[in-house]
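# Architecture at a glance
Listed below, chain by chain, are the residues.
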Amino acid sequence: MPAERILSNARVVTADQVFTGSVVMRDGLIAAVDEGRSQLPQAEDLQGDYLLPGLVELHTDNLEKHMSPRPGVDWPSASAVLTHDAQIVAAGITTVFDALSIGDINPRGKRMQQLPAMLEAIAEAQHSGDARADHRLHLRCELSHPQVLSVFRDLVEHPLVQLVSVMDHSPGQRQFAKEEKYREYYMGKYSLNELEMDAFIEEQLGNARIFSDRHRRAIVEDCRARGLSVASHDDATLAHVQESAAFGMSIAEFPTTLEAARASHAAGLQVLMGAPNIVRGGSHSGNIAAAELARHGVLDILSSDYYPASLLPAALLLAGQDNGYDLPRAMAAVSRVPARAAGLDDRGEIRVGLRADLLQARVRGGQAVIRQVWRQANRVF
């Protein structure tokens with residue numbers, strides 16, 4: 001690759017403006033950002049397409065779908081990671097926090113058994129240079145699971161771990177305040193009959209009473225001692241938010257009510273919602289819509305969650321709605337803000353001195369089309 005590359009005639013989206021200009025990439029970094037077209041013959045003409053910061057994804061379980069592409073099918077982990085990585089980069093994501101769930105509540109699930117293979121395969125792809133995106137690890141801790149604390153302590157020392165979230169999916173609170181939604185979701189997801197579902201609910205409630213509070217305290221204390229970013233999950237009430245703020249959490253993932261989102265935002269937690277929620281027009285669980293939080297000015301971060309290709313379209317949709325989010329602010333929700341929330345100060349916006357993680361995109365017929373992606377000035381898509 002050349003030591004220097006010039007991208008010209010692009011609609012450059014910085015942290016606070018959009019202009020037709022040029023960006024110079026040198027030695028993996030952004031060396032210059034200028035208005036106007038470059039007159040140098042080696043400049044690459046982007047033909048008026050958007051030039052955007054590479055997307056930063058904090059919470060995706062997309063890898064799990066490649067590890068288990070069908071019920072009962074286990075796919076080789078190295079192949080699964082590289083396939084996942086290709087899908088991530090094709091979506092414009094240059095930094096991804098792969099979410100590994102500790103504490104599978106699925107009575108027939110294999111998440112816990114797959115954890116070591118998933119972690120090893122991610123680390124190997126990152127170490128070998130075969131991964132095109134920059135992969136980090138996000139440990140999602142299901143607090144009501146009996147083994148979550150011991151497994152967390154086994155994994156948290158891994159150098160790729162930079163983000164931890166604490167969640168409690170037991171029925172009657174947070175994401176599933178309505179038991180009928182809980183029944184509908186898990187009976188469909190795990191193919192349970194009524195009797196199996198009754199037993200499942202009883203088990204989850206019992207485990208939550210025994211483990212959730214003690215595990216939350218212990219995991220957060222371990223994270224604070226290591227300087228790791230911590231996220232709450234599905235906060236629904238003011239009491240939930242006050243607890244999260246008292247623990248020093250930096251991110252509020254998927255608050256389920258406007259009250260919780262407003263309180264999180266006011267307390268300095270970055271409010272994260274799902275990009276699919278924006279694209280689909282609402283929550284699949286019947287909770288607050290991300291677009292509604294944007295209208296109140298309390299949406300800070302978007303995550304692709306289960307669908308990587310939703311991230312850029314959601315940002316563009318957000319910028320087109322009547323909500324106070326212009327394009328720079330909407331793009332910050334998928335780049336600069338998540339990067340800072342996870343402690344990464346070297347990326348996330350088009351600014352001299354930062355990493356040259358960039359993407360070229362155009363909008364055709366309302367559809368965002370990603371044409372090129374660079375990570376540290378190397379073209380990866």
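Heads up: the structure comes first, above all this text.
Here's a quick rundown of the structure. (Residues numbered from 1 in each chain as written. Predicted model: local features only at pLDDT ≥ 70, side-chain atom pairs only at ≥ 80, totals over all residues. Heavy atoms only, no water.)

## Digging into the overall build of the chain
Across its full length, the chain holds 13 helices and 16 strands. Radius of gyration (C-alpha) of the chain: 21 Å, near the 21 Å computed for a compact globule of 381 residues. Here the C-alpha coordinates of the chain stretch approximately 70 × 45 × 40 Å along the principal axes. A total of 381 residues make up the chain; the buried ones form 57% of that total. Sequence separation of 24 or more characterises 64% of the internal contacts of the chain that already satisfy a separation of 6 or more. For the chain, the exposed area adds up to about 15,800 Å²; of that, 49% sits on carbon and sulfur atoms. Placing the 38 positive and 48 negative side-chain charges of the chain at their respective mean positions leaves the two points 3 Å apart. (Helix = DSSP H or I, 4+ residues; strand = E, 2+ residues; numbered from the N terminus. Rg over C-alpha atoms; globule rule 2.2 N^0.38 Å. Buried < 20%, exposed > 50% of the residue type's maximum accessible area, 1.4 Å probe, protein only. Contact = heavy atoms within 4.5 Å. Areas by Shrake-Rupley, 256 points an atom, 1.4 Å probe, with all protein chains shown as cover. Lys, Arg positive; Asp, Glu negative; His and termini not counted. Charge placed at Lys NZ, Arg CZ, Asp CG, Glu CD.)

## Considering the side chain of S144
Of note, S144 is situated in the loop between β8 (134-142) and α4 (148-155). Beyond its immediate sequence surroundings of up to four residues, S144 is in contact with D168, Q204, N207, A208, F211 and S212.

## Comments concerning the side chain of T60
Here T60 lies in strand β6 (residues 55-60). For T60, a relative accessible area of 1% translates into the label buried. Polar side-chain contacts of T60 include one of 3.0 Å to the backbone oxygen of D305. When sequence neighbours within four positions are dropped, the list of residues in contact with T60 reads H84, I88, V96, F97, D98, A99, S304 and D305. (Polar contact = N/O pair within 3.5 Å; in protein donor to acceptor, adjacent residues only side chain to side chain.)

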